[in-house]
6 protein chains.
Amino acid sequence: MTKILKRLLITGAGGGLGKVARERLSYIADTIRVSDIVDLGEAAPHEEIVNCDLADYVAVNDLVAGCDGIVHFGGISVEDSFSRILKANIEGVYNLYEAARKNGSPRIFMASSNHVVGFHRQDERLDANAPLRPDGLYGVSKCFAENLASMYHDKFGVETALVRIGSSYPEATNRRFLATWLSYDDLISLIVYVFEAPKLGCPVIYGVSDNDTVWWDNSSVRYLGWRPTDNSAVFRDRVYADEPDPGPDDPVAIYQGGKFTQDPIIED
Amino acid sequence: MTKILKRLLITGAGGGLGKVARERLSYIADTIRVSDIVDLGEAAPHEEIVNCDLADYVAVNDLVAGCDGIVHFGGISVEDSFSRILKANIEGVYNLYEAARKNGSPRIFMASSNHVVGFHRQDERLDANAPLRPDGLYGVSKCFAENLASMYHDKFGVETALVRIGSSYPEATNRRFLATWLSYDDLISLIVYVFEAPKLGCPVIYGVSDNDTVWWDNSSVRYLGWRPTDNSAVFRDRVYADEPDPGPDDPVAIYQGGKFTQDPIIED
Amino acid sequence: MTKILKRLLITGAGGGLGKVARERLSYIADTIRVSDIVDLGEAAPHEEIVNCDLADYVAVNDLVAGCDGIVHFGGISVEDSFSRILKANIEGVYNLYEAARKNGSPRIFMASSNHVVGFHRQDERLDANAPLRPDGLYGVSKCFAENLASMYHDKFGVETALVRIGSSYPEATNRRFLATWLSYDDLISLIVYVFEAPKLGCPVIYGVSDNDTVWWDNSSVRYLGWRPTDNSAVFRDRVYADEPDPGPDDPVAIYQGGKFTQDPIIED
Amino acid sequence: MTKILKRLLITGAGGGLGKVARERLSYIADTIRVSDIVDLGEAAPHEEIVNCDLADYVAVNDLVAGCDGIVHFGGISVEDSFSRILKANIEGVYNLYEAARKNGSPRIFMASSNHVVGFHRQDERLDANAPLRPDGLYGVSKCFAENLASMYHDKFGVETALVRIGSSYPEATNRRFLATWLSYDDLISLIVYVFEAPKLGCPVIYGVSDNDTVWWDNSSVRYLGWRPTDNSAVFRDRVYADEPDPGPDDPVAIYQGGKFTQDPIIED
Amino acid sequence: MTKILKRLLITGAGGGLGKVARERLSYIADTIRVSDIVDLGEAAPHEEIVNCDLADYVAVNDLVAGCDGIVHFGGISVEDSFSRILKANIEGVYNLYEAARKNGSPRIFMASSNHVVGFHRQDERLDANAPLRPDGLYGVSKCFAENLASMYHDKFGVETALVRIGSSYPEATNRRFLATWLSYDDLISLIVYVFEAPKLGCPVIYGVSDNDTVWWDNSSVRYLGWRPTDNSAVFRDRVYADEPDPGPDDPVAIYQGGKFTQDPIIED
Amino acid sequence: MTKILKRLLITGAGGGLGKVARERLSYIADTIRVSDIVDLGEAAPHEEIVNCDLADYVAVNDLVAGCDGIVHFGGISVEDSFSRILKANIEGVYNLYEAARKNGSPRIFMASSNHVVGFHRQDERLDANAPLRPDGLYGVSKCFAENLASMYHDKFGVETALVRIGSSYPEATNRRFLATWLSYDDLISLIVYVFEAPKLGCPVIYGVSDNDTVWWDNSSVRYLGWRPTDNSAVFRDRVYADEPDPGPDDPVAIYQGGKFTQDPIIED
């Protein structure tokens, strides 16, 4: 079977979703280049391992060279201090897009986050055009990534899927996850559809399975043909049994970003 | 298993849907208090039976005291004279909300009706924000219930599910019901989801199964996780065989409220 | 000049706006029938004075007979107890519409109120289809009037202008009135346009002048040709000088209904 | 079983979809009248065969007489010269509607085309109110048919289903068809639902199966009860293996009309 | 002063608006080429007079050659038989666009008509994306012109202003014209703005003055900078005095197209 | 007269708009604290001059302390290298908001820019919810400011007016400025209204005068009462005479951001 890509770069390959991607995406490219600042173990025959700090402009350029696809899980994925987020998620993402612009415009799967819209209420239904309402510095940095990607698309033709990942874990383990859960199978199929599309553009996609509980409307990206098949409802009874009812006044029951909306500014 | 509620009040428990609720909801509360103005037979061990006229302010207060959930099927559910509707559906609902306000704000499942929007055409697709277009005095009284509930929510925090029930019967028995049918299973599951939700608010919900024929769009309440599973399409062939085609100029084929739109004002 | 109407009924003619209407509308009908439960003084030559309690079904029928236009300012126009609102604003309005239906369907200018949408925030812009969010029992009763009028239009062809009057006074005397002010000149011109329109239907109209401060969008009724000409901005400096800043957390600065949103339920 | 219609006319019965309709729709009418300018072979017992040029006003009148339903597949269905399109698709359709108006207003299933909106991009999601953006003279002629049908509905009560057929073939054989494919089963069921509906009106319907890849939103016609069941996704792997990736700059990957958008004006 | 255009073609220069354009637009081009099938009198020094039947393909090509702007008032502007409309408004417009395509793509001011949306009700507010609802064969032919122009823009880059002219006369002389009136000054300024715009595209513009009575929303073309300044309200009193009230059930008071909606099909 | 504020901070007071603000806003606060990295000359009696680099966290904290209002014109206001923009517009804005959060949450007038939406076409009409489409690194940095302000509002209650300033100069000097021009008078009145509003929230405001040429819709902030009064149309004739027509294919005629959309990435 023909591979979709020649060389796929997976950043953040040592993190939770990076590991999943590394394990399951080997078949879509001739070579998988995996990268992180942490140790990534042994390279499989189809793999190249590159240790790289995203804040290093020159290193990122080398990292991207030769790739025709990028899955970007790198950077910080929780609330953190501004200085650390600035390095990893703002300078790092700028470096990535500059490298892409100079190296043949590989298509990018960008791990954005539901925390770019975390201050919307849970009874609001959001589509791709919902106003950004980030719930912390991490969320703001993901807004930056979305805005930068948009500019590189409009100005330089770099295509990016801006995937606002909900909660991607093996199972949905709390009430909020009933709405935000993205199964690993649905995550992987989404990545494949993003790289298979003849024309991608720069769409916002909510990274979420076909859950009974719905906050997000992905109808604007149905042109990609991706239709998730898993459903968090299978975990509902257990979640209701295990997790106490927070009551209607708890932020975790009010805002889409859940307890991220309560995080303080973390100072260095 | 933990019960969702301590004491659930079911009003109108002697009526069609009240009986269904009484039979099937016993497991969701420690105690079920059933009420009507008609005889309700013997109380089961988990039940309390209270005869109560909703127009009696003091009695309604006593009825509500001690309950943390209310399923309100009480009152008149067809077109009737203004004086009777005034007593049962306007004064009665005011009494219910005053009692709720004074007794710990139990969550309320309010049986509203599709007849609050009955003068919309059948080729219009309505969501929760569709303008009210009641089709008779009954429909107007259900608008009153919705508006009053909205005010008690905004002002006093009483949560209500405003459920615009379509046609809840064992089967869909005419062409209009192909669009409006709500199976008993879907009705009961909706009630359960309403009481299980950590935060309900005061949403408008169309009480309708997952029928192929669709007038109403419930996407705004998908945050509750309720997804009906029955479909009136299984009755379609029989309905088409049994019921003569009304033709395109019959109000029953034009308006969502069907023949209610033709009811005259009933005078005392 | 030809009069627009043969006989115009003004209810609530002893109240604030009723007096304005009585004084300024004499030229639009051959006869003006003024009505209230309070004393209305001497009848001018073109006037008929009728004392009438709106809760009296037979009296209202007589009141309406022979009129081809009604300006309805009657009933209660502030928060009050449910029993009083029920009589004046619910039974009274039903009586009015039944009388209209039986007496040739005179066109009705209904004084509804901004308090039917009083729990919307001031930074929301509302059009005619904004969801009803009444801010008290008075607001709920005006919702009832709107819904009843809608049904009498759809079912019986009675035309009504549902005029959500803001704050109609000689001047705008506080910050909230900068948005809600309706000058007397604009009020009167609106009444005239309502009766002059070849076809009225049953539109929602925000009764508000052309103020710089805007919460409401009347574009849906520009087909009537009414364009208000006064502007509360002329009072802005005085209001800012006279009224202390409430601060951003005062309900009077948050909700469109202002301090009505803080009124308790008034018990008899 | 009772037939839905007395006599159904199928025009263009010698063309691709006309043949499918002829084969599968025999059960819905007592008599099927099939028509084309090409030879239609032997008539089955329930059939009448009429050779007819749609540009012949008198002949079309005779063709329509006695029919209570019409499936209009006649005319030209690809880009062609203006003179030929004028005859077949503009004069022909006018003749058809005049004949319908004069012969009891049979209900019409009009084969419109996705090429009336062919210049919308593939990442746009269109509903029935999307602006017309035809992609050639053929598309313009189908806009004409839609507009003429709309006028005959508003003015004379002729009901038409304006079915913007995607790509109706046994299988989806290229990437664009993953979005546009309409299976024969779904086509036939749509025709049946159109004729069974008590009231049809003059709706725009996208003729497309329940594909994973979606450009068009049919929610406005869910009142008809039609829910397609086939899905082009079953052909996806084969299509991706067989057809080379056009790349993001090929019009076939940009516009909904695909390569029709590149057709030149064909001169006689 | 620099002229906007080198040679402006005005078709239908012998008709009502053609005469106005001929008189007032002399200053915007070095040469004005005026055309009609009727006699156009003497040519002024800056004018060229060409007699031309729009249905003559070759003649239209010659007519357009050398022009960099076209104001198209030619063709039939009232309801007529299909055969006559076909020649003048369908074949004629096709000929015009083919000539434009082959002769340097002059910018076109197309006189479309409010009768492309004539079956919308007067209490509907339409913007540029309102569904087409033509009110007769004339209206359908103007839809054809709009659709053809859209295709020539998308496919060949010909820019057209699709101007849905209301009622352009010296004064507003009936109630419907209070909404539809376009003063000659506003018409002329619109034509100038259309030709002065650096980029026009193919927008729908409602050709209407700044009347108090409004059915149409031109906000989507405010990028052109055109803001009409006349107002039919100055004629309101006279219109109301002169024209009897049609009553709410007269089509002239219901539909935007007025009495065009009642025209029968005119047969040859 | 009572001052609106006790101490107003104006950052970037040495720049173009900073100077205008410094000159004209002296009357709205007891003390004006002006700041820049360039020399600001002599302090007037009501002024405090503070030299401050926005990238210096501690200095910014001192700068903000004691202020109850901030007009933020500081930072870079044209396209520049990422490293410079990072310091001034990303770290600088973070420092400003942290200082605001720790110093009593002064209200902020943030000079955002039309370049956050610069890749929208000029024939698109944008409101406050239009998707961000920045046209360069400068635009991306202003998106960052908007997103950060949104988060500080939702999380910590800091109120900001996000003012997307068009082109604020004494006169409109080119065709694009006909749409984007903001007169100094309108700029100053907007600042005053922002600080006078009882409740501001965190709204997006297009900083633009009441020009005939319109790309932006400010109706969502009409609750503030600000209505600009100047109009670029007075400069139109001169602009058209002075500036050559760019033609429809020049980016300056296509995109709202004009020639910013053509700026390359500036490398250090």
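Residues numbered from 1 in each chain as written. Chains lettered and ligands numbered in written order. Predicted model: local features only at pLDDT ≥ 70, side-chain atom pairs only at ≥ 80, totals over all residues. Heavy atoms only, no water.

In the nomenclature of an unreviewed UniProt entry, chain A is known as NAD(P)-dependent oxidoreductase of Flavimaribacter sediminis. You can read under Sequence similarities (unreviewed entry) in the UniProt record for chain A the words "Belongs to the NAD(P)-dependent epimerase/dehydratase family." (UniProt positions renumbered as here; feature names shortened; annotations may be inferred.)

Visitor: Looking at this structure, I do not really get the relation of the copies chain F and chain C. What am I missing?
Guide: Note: a rotation about an axis with an accompanying shift along it relates these two copies of the chain. The transform that puts chain F on chain C rotates by 120° and translates by 0.0 Å along the axis, for an RMSD of 0.0 Å. A rotation of that kind, with that shift, is consistent with a three-fold axis. It is Ser-219 of chain F whose C-alpha, among those of chain F, lies nearest the rotation axis, at 7.0 Å. (Least-squares fit on C-alpha atoms with pLDDT ≥ 70 in both.)

Visitor: Explain the pairing of strand β7 (residues 204–207) of chain F here, please?
Guide: Along any regular strand, the residues point their side chains to alternate faces of the sheet. All names here are of chain F. Side chains Val-204 and Tyr-206 of β7 all project onto a buried face; the interleaved residues Ile-205 and Gly-207 project onto the opposite face, where all are buried too. Two elements, strand β6 (residues 160–165) and β7, share four bridges in a ladder whose sense is parallel. Paired with Leu-162 across the bridge in β7 is Val-204. (Buried < 20%, exposed > 50% of the residue type's maximum accessible area, 1.4 Å probe, protein only. Helix = DSSP H or I, 4+ residues; strand = E, 2+ residues; numbered from the N terminus. Pairing = 2+ DSSP bridges.)

Visitor: Would you mind showing me how to read the sheet that holds strand β6 (residues 160–165) of chain D here?
Guide: Strands in a sheet are paired, the pairing made by backbone hydrogen bonds, and the direction either parallel or antiparallel. Residue and element names in this part refer to chain D. As summarised here, the arrangement of the seven strands in space is β3-β2-β1-β4-β5-β6-β7, forming an open sheet in which the pairing is parallel. On the outer flanks of this sheet lie β3 (47–51) and β7 (204–207), each paired with one strand and no other. Within the sheet, the average angular offset between the axes of one strand and its neighbour, ignoring direction, is 20°. Here strand β4 (residues 69–72) runs beside strand β5 (residues 107–113); their pairing, made up of four bridges, is parallel. Bridge pairing links His-72 to Met-110 in β5. Against the sheet, helix α3 (residues 82–102) touches β4, β5 and β6, its axis set at about 165° to β5. Here helix α4 (residues 137–156) sits on the sheet and contacts β5, β6 and β7; the angle it forms with β5, its principal contact strand, is near 155°. (Axes fitted to C-alpha atoms, helices over the stretch in contact; angles between N-to-C directions. Contact = heavy atoms within 4.5 Å.)

Visitor: Mind showing me how you'd approach the environment of Thr-213 of chain A here?
Guide: Position of Thr-213 of chain A among the secondary structure elements: in the loop between β7 (204–207) and α7 (236–242). On the basis of relative accessibility, which here comes to 12%, the residue Thr-213 of chain A falls in the buried class. Put simply, Thr-213 of chain A and Leu-187 of chain A are 26 residues apart on the chain and 18 Å apart in space, counted from C-alpha to C-alpha. When residues no more than four places from it in sequence are discounted, the contact partners of Thr-213 of chain A are Leu-178 and Ala-179 of chain A together with Arg-222, Tyr-223 and Gly-225 of chain B.

Visitor: How should I be thinking about the interface of chain F and chain C in this particular structure?
Guide: Interface extent is often summarised as the accessible area lost during association of the parts. Taken residue by residue, the interface counts 13 residues in chain F and 19 residues in chain C. At the boundary of chain F with chain C, total buried surface from both sides reaches about 1300 Å², with 48% on carbon and sulfur atoms. Of all residues in chain F, Pro-198, Lys-199 and Tyr-223 of chain F bury the most surface against chain C, accounting for 42% of the area lost on that side. Linking chain F with chain C are three salt bridges, by the criterion used here. With a shortest N-O distance of 2.5 Å, Glu-196 of chain F and Arg-236 of chain C are connected by a salt bridge. When the residues that make up the side of chain F that touches chain C are grouped by side-chain class, the tally is five nonpolar, three polar and five charged. (Buried area = accessible area lost by both parts, 1.4 Å probe. Salt bridge = Lys/Arg side-chain N within 4 Å of Asp/Glu carboxyl O. Nonpolar A, V, L, I, M, F, W, Y, C, P; charged D, E, K, R; others polar.)

Visitor: Please clarify how the relation of the copies chain F and chain A should be interpreted in this entry.
Guide: Between chain F and chain A, which share one sequence, the superposing operator has a rotation angle of 180° and an axial displacement of 0.0 Å; the RMSD is 0.0 Å. Overall, the copies show the geometry of a two-fold rotation axis. Of every C-alpha in chain F, the one belonging to Phe-144 of chain F sits nearest the axis of rotation, 3.0 Å from it. Mapped onto chain A, 100% of the interface residues of chain F are again interface residues, and the two copies thus contact each other with one and the same surface.

Visitor: Explain the pattern of salt bridges here, please?
Guide: Residues and elements named next belong to chain B. Counting across every chain of the model gives 123 salt bridges over all chains. A salt bridge links Asp-185 to Arg-24; its shortest N-O distance comes to 2.6 Å. Linking Asp-185 in helix α6 (residues 184–196) with Arg-24 in helix α1 (residues 16–24), this pair joins segments that are 161 residues apart in sequence. With relative accessibility at 32%, the residue Arg-24 sits in the partly exposed group. Residue Arg-84 is joined to Asp-268 by a salt bridge in which the shortest nitrogen-to-oxygen separation is 3.8 Å.

Visitor: For this particular structure, what's the right way to read the packing of helix α3 (residues 82–102) of chain C against helix α4 (residues 137–156) of chain C?
Guide: All names here are of chain C. Their axes nearest at 10 Å, the elements α3 and α4 cross at an angle of 15°. Comparing the axis directions of α3 and α4 gives the class roughly parallel. Between α3 and α4 lies a crossing whose hand is right-handed. Facing α3, whose interface residues are Phe-82, Ile-85, Asn-89, Ile-90, Val-93, Tyr-94, Tyr-97, Glu-98 and Arg-101, α4 presents Leu-137, Tyr-138, Ser-141, Lys-142, Phe-144, Ala-145, Leu-148, Ala-149, Tyr-152 and Phe-156. The class makeup of the residues in the contact of α3 with α4 is 14 nonpolar, two polar and three charged. (Parallel < 35°, antiparallel > 145°, perpendicular 65-115°, else oblique. Left-handed = near helix turned anticlockwise from the far one by under 90°.)

Visitor: Even after reading the chapter, I still don't get the interface of chain F and chain A, so can you show me in this structure?
Guide: At the junction of the two partners, chain F supplies 35 residues and chain A supplies 35 residues. Roughly 2900 Å² is buried in total at the junction of chain F and chain A, and carbon and sulfur atoms are behind 66% of that figure. Summed over the three residues of chain F that lose the most area to chain A, namely Phe-82, Lys-155 and Ile-265 of chain F, the buried surface amounts to 21% of that side. The interface formed by chain F and chain A includes six salt bridges. The salt bridge partner of Asp-154 of chain A is Arg-133 of chain F, with a shortest N-O separation of 2.5 Å. Linking chain F with chain A are 10 residue pairs in polar contact (both at pLDDT 80 or more), by the criterion used here. At 12 residues, helix α4 (residues 137–156) of chain F tops the list of elements feeding residues into the side of chain F that touches chain A. Along the lines of polarity and charge, the residues of the side of chain F that touches chain A split into 19 nonpolar, six polar and 10 charged. (Polar contact = N/O pair within 3.5 Å; in protein donor to acceptor, adjacent residues only side chain to side chain.)

Visitor: Would you mind showing me how to read the side chain of Ser-232 of chain C here?
Guide: Residue and element names in this part refer to chain C. One can find Ser-232 in the loop between β7 (204–207) and α7 (236–242). Within the structure, the side chain of Ser-232 is placed 2.6 Å from the backbone oxygen of Leu-178, a separation counted as a polar contact. When near neighbours in sequence (up to four residues on either side) are disregarded, Ser-232 contacts Ala-172, Phe-177, Leu-178, Trp-181 and Asn-211.

Visitor: Can you help me understand unusual backbone geometry in this one?
Guide: Excluding glycine, residues mostly have negative phi values, and the peptide bonds linking residues are mostly trans. All names here are of chain B. If you check the backbone angles, Ser-105 has positive phi at about 55° while not being a glycine. Of note, Ser-105 is situated in the loop between α3 (82–102) and β5 (107–113). Note on Ser-105: relative accessible area 29%, which makes it partly exposed.

Visitor: Would you mind going over the sheet that holds strand β2 (residues 29–36) of chain F with me for this structure?
Guide: All names here are of chain F. Spatially, seven strands are ordered β3-β2-β1-β4-β5-β6-β7 in an open sheet, and the strand pairing comes out parallel. Only two strands of the sheet have a single partner each, and these edge strands are β3 (47–51) and β7. Strand-to-strand twist in this sheet, taken as the mean axis angle between neighbours without regard to direction, amounts to 20°. Strands in contact with helix α1 (residues 16–24) are β1 (5–11), β2, β3 and β6; relative to β1, the strand with the most contacts, it is inclined by about 160°. In the packing of helix α3 (residues 82–102) onto the sheet, contacts are made with β4 (69–72), β5 (107–113) and β6, and the angle to β5 comes to roughly 165°.

Visitor: Explanation requested: the pairing of strand β1 (residues 5–11) of chain E in the structure shown.
Guide: All names here are of chain E. Along β1, five of the seven residues are buried, which leaves the element largely enclosed by surrounding structure. The sheet contact formed by β1 and strand β2 (residues 29–36) spans five bridges and is parallel. Following the sheet pairing, Leu-5 is matched in β2 by Ala-29. Here β1 pairs with strand β4 (residues 69–72) via four bridges, running parallel. Bridged to Leu-8 within β4 is Gly-69.

Visitor: How do you make sense of α4 of chain F when you look at a structure like this?
Guide: The periodicity of an α-helix, 3.6 residues per turn, causes residues three or four places apart in sequence to face the same way. Residues and elements named next belong to chain F. If you check α4, its first and last C-alpha atoms are 28 Å apart, about what 20 residues at 1.5 Å a residue would give, namely 28 Å. Buried residues dominate α4, accounting for 17 of its 20 residues. Phi for Gly-157, located one or two positions after α4, is positive at around 80°. (Expected span 1.5 Å × (residues − 1).)

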